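In case you want the letters, here they are:
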Amino acid sequence: SSMIGSGFGIFLIILGVFNVTSCNFIGGMWWFLIGMFLYSAAKMSYQQLLTRRGLEGESVRRFMKTDTVTVAPDMTIERLVEDYVYAFHHKMYPVVADAGRIEGCVTTKQIKEISRDQWSQKCVRDFEVACSKDNTISPDADAIKALSLMNRTGMSRLMVIEGDRLAGIVSLKDMLKFLSLRIELDV
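Residues numbered from 1 in each chain as written. Predicted model: local features only at pLDDT ≥ 70, side-chain atom pairs only at ≥ 80, totals over all residues. Heavy atoms only, no water.

A.B. asks: Is there a simple way to think about the overall build of the protein in this case?
C.D. replies: A count of helices and strands for the protein gives 6 helices and 6 strands. Across the protein, helices and strands are ordered from the amino to the carboxyl terminus as α-α-α-β-β-α-β-β-α-β-β-α. The buried share of the protein, taken over its 187 residues, is 39%. When contacts within the protein are restricted to residue pairs at least 6 apart in sequence, those whose partners lie at least 24 apart make up 60%. For the protein, the accessible area works out to roughly 11500 Å², and carbon and sulfur atoms hold 58% of it. (Helix = DSSP H or I, 4+ residues; strand = E, 2+ residues; numbered from the N terminus. Buried < 20%, exposed > 50% of the residue type's maximum accessible area, 1.4 Å probe, protein only. Contact = heavy atoms within 4.5 Å. Areas by Shrake-Rupley, 256 points an atom, 1.4 Å probe, with all protein chains shown as cover.)

Written out as structure tokens, the structure reads:
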């Protein structure tokens, strides 16, 4: 059905251009805009189908990185920025206590809201976000679920949690690399 929608969209675009050139500017623009909408909707539907097919049956465990860069809750924001953000270029860092228990995460978005003169006095603990269903996922969860969660929350990285321990990080970038390779080899 995406092929039909795509073809019909192209037909309406051509009809719109024909009407514009035939001195029916307003009608032609409407046909053109409707055609563009149908064409892009059909294309998006096809991309969603490829994504679902490419990741179907894969677990988060396949994509997660276990060599995760973590930060301590008592670290200053200044040290976090200088030693971690500028060194590793991640937008989210898991916060892990001394005993190895995951406490939450801190993001560059949060850091941006702190005035620079406070960086040396404030600690990660003051700004960390607790683990929740919006920033964590199980290693056995379906990859489509992780992708859907990332889409809903706007986060490109999720903490992979087993019990109260950090198992790893799953990133949108790694999932998309895999998807690109799978589509190239399978389709």
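A.B. asks: What exactly am I supposed to notice about the pattern of salt bridges here?
C.D. replies: Opposite charge on two side chains permits pairing when their charged atoms draw close. Taken as a whole and assessed by the stated rule, the structure comprises 7 salt bridges. Here Arg 79 ties to Asp 83 by a salt bridge, and the two come within 3.2 Å at their closest N and O atoms. In this pair, Arg 79 and Asp 83 are both assigned in helix 3 (residues 77-88), 4 residues apart and thus about one turn of the helix distant. For Arg 79, a relative accessible area of 42% gives the class partly exposed. Asp 83 gets classed as partly exposed once you look at its relative accessible area, which sits at 39%. The salt bridge partner of Arg 165 is Asp 164, with a shortest N-O separation of 3.7 Å. When its relative accessible area of 38% is taken as the criterion, Arg 165 is described as partly exposed. By relative accessible area, which is 41% here, Asp 164 ends up partly exposed. (Salt bridge = Lys/Arg side-chain N within 4 Å of Asp/Glu carboxyl O.)

A.B. asks: Help me understand the sheet that holds strand 3 (residues 129-130), please; the structure alone is not making it clear to me.
C.D. replies: Consider a sheet: its strands pair through backbone hydrogen bonds, and that pairing is either parallel or antiparallel. Judged by pairing direction, the sheet is antiparallel, and its 3 strands sit side by side in the order 1-2-3 without closing on themselves. Looking at strand neighbours, the two that pair on one side only are strand 1 (92-96) and strand 3, the edges of this open sheet. The pairing of strand 1 with strand 2 (residues 102-107) spans 5 bridges and is antiparallel. Of the residues in strand 2, the one forming a bridge with Met 92 is Thr 107. (Pairing = 2+ DSSP bridges.)

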